[in-house]
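Here's the letter readout for the chains.
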Amino acid sequence: MTVIVTGGAGYIGAHIIRLLAARGDDVVVVDDLSNGRADRVGDARLEVADLAADSTVDRLAALFREVGARAVIHLAARKRVDESLTRPTWYYRQNVGGLAHVLEAMERADVPSLVFSSSAAVYGAPSSALVTEASPTAPMNPYGETKLAGEWLVRDAARAWGMRCLSLRYFNVAGAGWDDLHDPAALNLVPLVLGRIRAGLPPLVFGSDHPTPDGTCIRDYVHVLDLAQAHIAALDHVALAGAVVDDDAGPGADHVLNIGTGVGSSVLEVLDAFAVATGAPVVPELLGRRAGDPPQVVAAVDRAVDVLGWRAERDLAEIVRSTVRAEVAAR
Ligand SMILES: NC(=O)c1ccc[n+]([C@@H]2O[C@H](COP(=O)([O-])OP(=O)(O)OC[C@H]3O[C@@H](n4cnc5c(N)ncnc54)[C@H](O)[C@@H]3O)[C@@H](O)[C@H]2O)c1
């Protein structure tokens, strides 16, 4: 099958295209290389294009027809929460505008299926211990809003012309599936902690009096290779099995799936995993709580298991071990 992977030169995309290539799919990467690297796409064809530019639609439609694309995995997006707060219009243009262009080109070129990168950021600060796809969505920043708007746009396009689609809400993605594919962005706890350790600084812990067993925040860390495998399962589901948007399925029940492990890890447990992986004690600096930080965000994963037959296989220890290995290899 010929698969277009937008953002395929990025951290998660590079893992997905390696799995696709390994099973013999033809992969075409579309990426503007703003945060990606050409040397990560392997033998896949790379089209350097800015998806947010209006002129890209014609070029994409022509490309999709030329290669006989059967599916798009749309990862390309800007992902910095802080930047989204200062540049909201640009974030909407990039993340929602870029997606609209991809969908327009797919409609013109009759590409029937899409897997869309969404995020647990659509939930904001959930009040329940386990977040299901039907939990209320209340993003807390423009980044999360662009992901929720993206899900709506995908759903509406699917309703309008029968495209098959799945939107995957990733929880906290970390680790490396191969030592040469480390996460160059320090945007979640795992790379942030490693950065502090390497700089000889204590990792910062925001809040040690949360209503959790050890007082620190609990999150659901999913290994990037498990996440990449979820995309392969999702791709096969939309391309082969269906996943047409079902208007009667109720809110959150039709085309969105949580992609996490279902297991929460506290900040202190992450630090312990680093102590084991590096063989050195990790002593944190304890600070006050950050405003709006929910004590616990953990995915309910039953739906991904039911729909995709996929379940995360790697644990926190492997996430941290692989992060350390890949960081050493990148030096
Ligand atoms: N990393 C995470 O923890 C996480 C969590 C939830 C959701 N996501 C989503 O997963 C997707 C991939 O994330 P990632 O961590 O691999 O990020 P990344 O920045 O490494 O990859 C994104 C890729 O998209 C490309 N890109 C960005 N804007 C583009 C544009 N306008 N036109 C063409 N290419 C463009 C970048 O060059 C980059 O290669 C994103 O949609 C992100 O929002 C990531």
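**Describing the side chain of glutamine 94**
- Within the secondary structure layout, glutamine 94 lies in helix 4 (residues 88-108).
- Judged by relative accessible area, which is 13%, glutamine 94 ranks as buried.
- Here glutamine 94 is in contact with Asp50, Ala52, Arg78 and Leu99, once residues within four sequence places are set aside.

**Some thoughts on the sheet that holds strand 13 (residues 265-266)**
- Here four strands make up an open sheet; going across it, the order is 6-15-10-13 and the pairing mixed. Looking at which strands have only one partner, the edges of the open sheet turn out to be strand 6 (130-131) and strand 13.
- Direction of pairing for strand 6 relative to strand 15 (residues 296-299): parallel, over a ladder of two bridges. When the sheet's bridge partners are listed, valine 131 is paired in strand 15 with alanine 299.

**Description of the site of the ligand**
- Close to the ligand lie 29 residues, the nearest being Asp31, Asn35, Leu75, Lys79 and Tyr143.
- At 3.2 Å from an oxygen atom of the ligand is found a main-chain nitrogen or oxygen belonging to serine 34.
- At 2.7 Å, a side-chain N or O of lysine 79 approaches an oxygen atom of the ligand.
- Across the complex, the protein chains shield 95% of the 820 Å² of accessible surface that the ligand would expose by itself.
- Secondary-structure elements contributing two or more residues to the shell around the ligand are helix 1 (11-22), strand 5 (113-119) and helix 5 (142-161).
- The element best represented in the shell around the ligand is strand 5, accounting for three residues.
- A class-by-class count of the residues in the shell around the ligand yields 14 nonpolar, nine polar and six charged.

**Considerations on unusual backbone geometry**
- A positive phi angle, near 60°, is found at leucine 33, a position not held by glycine.
- The exposure class of leucine 33 is partly exposed, given its relative accessible area of 29%.
- A positive phi is found at aspartate 110, a non-glycine position, where the angle reads about 55°.
- As for its placement among the helices and strands, aspartate 110 is situated in the loop between helix 4 and strand 5.

**Focus: the packing of aromatic side chains**
- A complete count under the given rule lists two aromatic pairs for this structure.
- Judged by centre distance (5.7 Å) and plane angle (70°), the ring pair of tryptophan 90 and tyrosine 91 falls under edge-to-face.
- When the ring of tyrosine 123 is compared with that of phenylalanine 171, the centres are 6.2 Å apart and the planes differ by 40°; the resulting orientation is tilted. Residue tyrosine 123 is located in the loop between strand 5 and strand 6, and its partner phenylalanine 171 is located in the loop between strand 7 (164-170) and strand 8 (172-174); the two are separated by 48 residues in the primary sequence.
- By relative accessible area, tyrosine 123 is classed as buried at 2%.
- Given the relative accessible area of 6%, phenylalanine 171 is considered buried.
- Sitting over the face of the ring of tryptophan 178, arginine 18 holds its NZ or CZ atom 5.0 Å from the ring centroid.
- For the cation-ring pair, arginine 87 lies above tryptophan 90, with the distance from its terminal atom to the ring centre recorded as 4.0 Å.

**A short note on the side chain of arginine 219**
- Within the secondary structure, arginine 219 sits in strand 10 (residues 218-219).
- A polar side-chain atom of arginine 219 sits 2.9 Å from the main-chain carbonyl oxygen of proline 294.
- Apart from residues lying up to four places away in sequence, arginine 219 is in contact with Asn172, Val263, Gly264, Ser265, Asp293, Pro294, Pro295, Gln296 and Val297.

How each quantity is defined
Residues numbered from 1 in each chain as written. Predicted model: local features only at pLDDT ≥ 70, side-chain atom pairs only at ≥ 80, totals over all residues. Heavy atoms only, no water. Helix = DSSP H or I, 4+ residues; strand = E, 2+ residues; numbered from the N terminus. Buried < 20%, exposed > 50% of the residue type's maximum accessible area, 1.4 Å probe, protein only. Contact = heavy atoms within 4.5 Å. Pairing = 2+ DSSP bridges. Near = heavy atom within 4 Å. Polar contact = N/O pair within 3.5 Å; in protein donor to acceptor, adjacent residues only side chain to side chain. Areas by Shrake-Rupley, 256 points an atom, 1.4 Å probe, with all protein chains shown as cover. Nonpolar A, V, L, I, M, F, W, Y, C, P; charged D, E, K, R; others polar. Phe/Tyr/Trp six-rings, centres within 6.5 Å; stacked < 30°, edge-to-face > 60°. Lys NZ or Arg CZ within 6 Å of the ring centre and 35° of its normal.

The values are spatial; any link to function lies outside them.
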